[in-house]
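# Descriptive analysis of the structure
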Amino acid sequence: MSPSDVKATLSFSDGSPSIDLPLYKGSIGPDVIDIRKLYAQTGKFTYDPGFLSTASCNSTITYIDGDKGELLYRGYPIEQIAQSCDFLDTCHLLLYGDLPNLTQRDDFHKLVANHTMVNEQMQFFLRGFRRDAHPMAIMTGLVGALSAFYHDSTDINNPQHREISAIRLIAKMPTLVAMAYKYSVGQPYMYPRNNLSYAGNFIHMMFATPCEDYTVNPIIERALDRIFMLHADHEQNASTSTVRLCGSSGTNPFAAIAAGVACLWGPAHGGANEAALNMLEDIQKMGGAERIGDFIRQVKDKNSTVKLMGFGHRVYKNYDPRAKLMRETCHEVLTALGLHDDPLFKLAMTLEKIALEDDYFVSRKLYPNVDFYSGIVQRAIGIPVGLFTAVFALARTVGWIAQLNEMISDPEYKIGRPRQLFVGAKARDVVPIALR
Ligand code: CMC
């Protein structure tokens, strides 16, 4: 990161001296103004709740051009990744900076496969949860608990510890999500099968039982692999920023990723896939396509809190490129499974069409995001609605780790410590309780 010749000048209308601030150029995307010395030079902070104009770090991993609707992983367009790679290729790319060659691919697959089992003790830990607990509540607990099982990889400042915890997390997430599901339905856990692909193994652990042979459907396998690829990273979103902030204190990698899982759960973020499907089911129950008009009116009503879930994005002000790919997968899966007349999918298509033509959504540049379609695909595959966000967490784990490792390796990294504009009471004396 080197300063450009251009400087930003900050001046004040009260006669305070103006100051020059360095400006940095990225390889693509907006320049940034370096305000790190602002407080020392002016005694003032900047104010930017929600980080609308603040870059919290420099990064080489993922780039989004929200106006164009472009997403690049390490420079490669998401469309090409989705077409030519699989999820483990994507993991290699995000973690190490480039796509693997044949030998690296083979080695990486073996490395991940070596770590798919979890400590047998984990199942007793799982038993402490109610059977009807939300899978994300379980996942937050299980991922955090990994630090209690793998003491040899908890030092975030040790590159070997970071490497082994990264592989463990990527390898064990499918096992944990499938265990959470099996626990909820009261079926025996299925051990991982390392002769299957990453997605195939997950499907096997989810839907196979010890009583019968189970063959993984290749269409479902490919669809799930695509869901994993499309959700693998998305630069400095809320959960990734949470992981970075949590990890900046020097906590162990499992704890930092558990914080990311907790953040992802929210309906404005990863929880949107579950919320979008629940919304479609609610409209369906209310009368289906005929009631879309009423629903859209509610969404547009300033006094209501109803949102069109699966629509809108902080960064994309154009069609989410992941949504386009997921829409394609949605068609493929529904056709292959004989569900092309699925009423919920039809409802989703009608809702999308109406919203894309409605001035409220057009003027605010609200387009469908990836979660609008990923829920429909997951439901068609047989994944229960409550588990959707856990599947997202499984896929995003690699992105969280890549971003965490990038931060720790950055010589400029410091513990994250935002400042505030204090608007509360000034110093005052405590009045004795009898006089209050
Ligand atoms: N339905 C109706 N109105 C919306 C929606 C929506 N889904 N999203 C934004 N708006 C309106 C919002 O009310 C505001 O209107 P006005 O200017 O009249 O006050 C305007 O659009 C701008 O919205 P904002 O809240 O300032 O936008 P934001 O960047 O803070 O929020 C968002 C982005 C994703 C939280 C929001 O669009 C949203 O809540 N969408 C639904 C939840 C969702 O699908 N989330 C998944 C995001 S993609 C997956 C992921 O990255 O996790």
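Let me sum up the structure you'll find in this document. (Residues numbered from 1 in each chain as written. Predicted model: local features only at pLDDT ≥ 70, side-chain atom pairs only at ≥ 80, totals over all residues. Heavy atoms only, no water.)

### Considerations on unusual backbone geometry
Note the following rule: Numbering goes from the N terminus for both helices and strands, where a helix is a DSSP run of H or I of at least four residues and a strand is a run of E of at least two.
With a phi angle near 50 degrees, Arg 74 is a residue other than glycine that sits in the positive phi range. Considering the arrangement of structural elements, one finds Arg 74 in the loop between strand E5 (70-73) and strand E6 (76-77).

### Quick word on empty space enclosed by the protein
Heads up, the rule is: Using a 1 Å grid laid over the protein atoms alone, points where a 1.4 Å probe fits but cannot get out form a cavity; open sets with protein on both sides within 12 Å along at least 5 of 7 lines form a pocket; any residue with an atom within 4 Å of a point counts as lining. Grid points are joined across faces, edges and corners, and a volume is the space filled by probe spheres set on the points.
Inspection of every chain in the model, using the stated rule, returns 2 cavities of 30 Å³ or more. Broken down by secondary-structure element, the contributors of at least two residues to the lining of the largest cavity are helix H7 (159-185) and helix H18 (388-409). When residues in the lining of the largest cavity are grouped by element, the largest group, 4 residues, is from H7. In this structure, the second largest cavity encloses a volume near 30 Å³. Lining of the second largest cavity is provided by Gly 312, His 313, Tyr 316, Asn 318, Asp 320, Tyr 367, Pro 368 and Asn 369.

### Let's talk about the pattern of salt bridges
Condition: What counts as a salt bridge is simple: a side-chain nitrogen of Lys or Arg found within 4 Å of a carboxyl oxygen of Asp or Glu. When a residue's accessible area, from a 1.4 Å probe over protein chains only, is under 20% of the maximum for its type it is buried; when over 50% it is exposed; and in between it is partly exposed.
All told, the structure shown has 21 salt bridges when counted by the stated rule. Among the ionic pairs, Lys 285 bridges to Asp 282, the shortest N-O distance being 3.9 Å. Pair noted here: Lys 285 and Asp 282 are both in helix H12 (residues 272-286), with a separation of 3 residues, about one helical turn. Of the residues examined, Lys 285 reaches a relative accessible area of 70% and is grouped as exposed. Its relative accessible area of 40% is what places Asp 282 among the partly exposed residues. Note that Asp 294 is salt-bridged to Arg 291, the shortest N-O span being 2.8 Å.

### Considering the nonpolar core
Heads up, the rule is: The criterion is simple. A nonpolar core is a set of buried Ala, Val, Leu, Ile, Met, Phe, Trp, Tyr and Cys residues joined through side-chain atoms within 4.5 Å. Should any heavy atoms of two residues lie within 4.5 Å, those residues are counted as being in contact.
Phe 228 and Leu 351 are the most contacted members of the largest nonpolar core, which has 117 residues in total. Ranked by residues supplied to this core, first place goes to H18 with 14 residues. Once residues within four sequence positions are removed from consideration, Leu 351 is found in contact with Met 279, Leu 280, Ile 283, Ile 292, Phe 295, Ile 296, Leu 308 and Phe 372.

### Quick word on the sheet that holds strand E3 (residues 32-33)
Pairing between sheet strands relies on hydrogen bonds along the backbone, with the strands arranged either parallel or antiparallel. What counts is decided by this rule: The rule for pairing is simple: two strands pair if DSSP sees at least two bridges between them.
What the 3 strands build is an open sheet, ordered E1-E2-E3; its pairing is antiparallel. For this open sheet the edge positions go to strand E1 (3-10) and E3, each flanked by a neighbour on one side alone. Strand direction decides the pairing type here: strand E2 (residues 19-24) and E3, joined by 2 bridges, are antiparallel. Residue pairing in the sheet places Tyr 24 in a bridge with Val 32 of E3.

### Regarding a nonpolar patch on the surface
Here is the rule: Without a salt bridge and with relative accessible area above 30%, a residue can belong to a patch; like charges are then joined within 9 Å and nonpolar side chains (Val, Leu, Ile, Met, Phe, Trp, Tyr) within 5 Å. Calculation of accessible area relied on Shrake-Rupley with a 1.4 Å probe; when residues are assessed, cover is drawn exclusively from the protein chains displayed.
A cluster of nonpolar side chains, Tyr 47, Leu 421 and Val 423, forms an exposed patch at the surface whose accessible area comes to about 420 Å². By secondary structure assignment, the location of Tyr 47 is in the loop between helix H1 (38-42) and strand E4 (62-65). Judged by relative accessible area, Tyr 47 falls into the exposed class, the value being 65%.

### With respect to the site of the ligand
We count it as follows: The near set for a molecule or strand comprises every residue that places at least one heavy atom within 4 Å of it. Two N or O atoms count as a polar contact when they lie within 3.5 Å, although within protein this holds only if one can serve as hydrogen donor and the other as acceptor, and sequence-adjacent residues are included solely when both atoms are side-chain atoms. Throughout, the ten residues Ala, Val, Leu, Ile, Met, Phe, Trp, Tyr, Cys and Pro are labelled nonpolar, Asp, Glu, Lys and Arg are labelled charged, and all others, Gly among them, are labelled polar.
Residues in contact with the ligand amount to 21 residues; listed here are only the nearest, His 269, Lys 302, Leu 308, Gly 310 and Arg 314. Between an oxygen atom of the ligand and a side-chain N or O atom of Lys 302, the distance comes to 2.6 Å. Arg 364 is positioned with one of its side-chain polar atoms (N or O) 2.9 Å from an oxygen atom of the ligand. About the coverage of the ligand: the protein hides 74% of its 940 Å² of free accessible area. Of the residues contributing to the shell around the ligand, the split by class is 10 nonpolar, 6 polar and 5 charged.

Geometric values such as these leave the question of function open.
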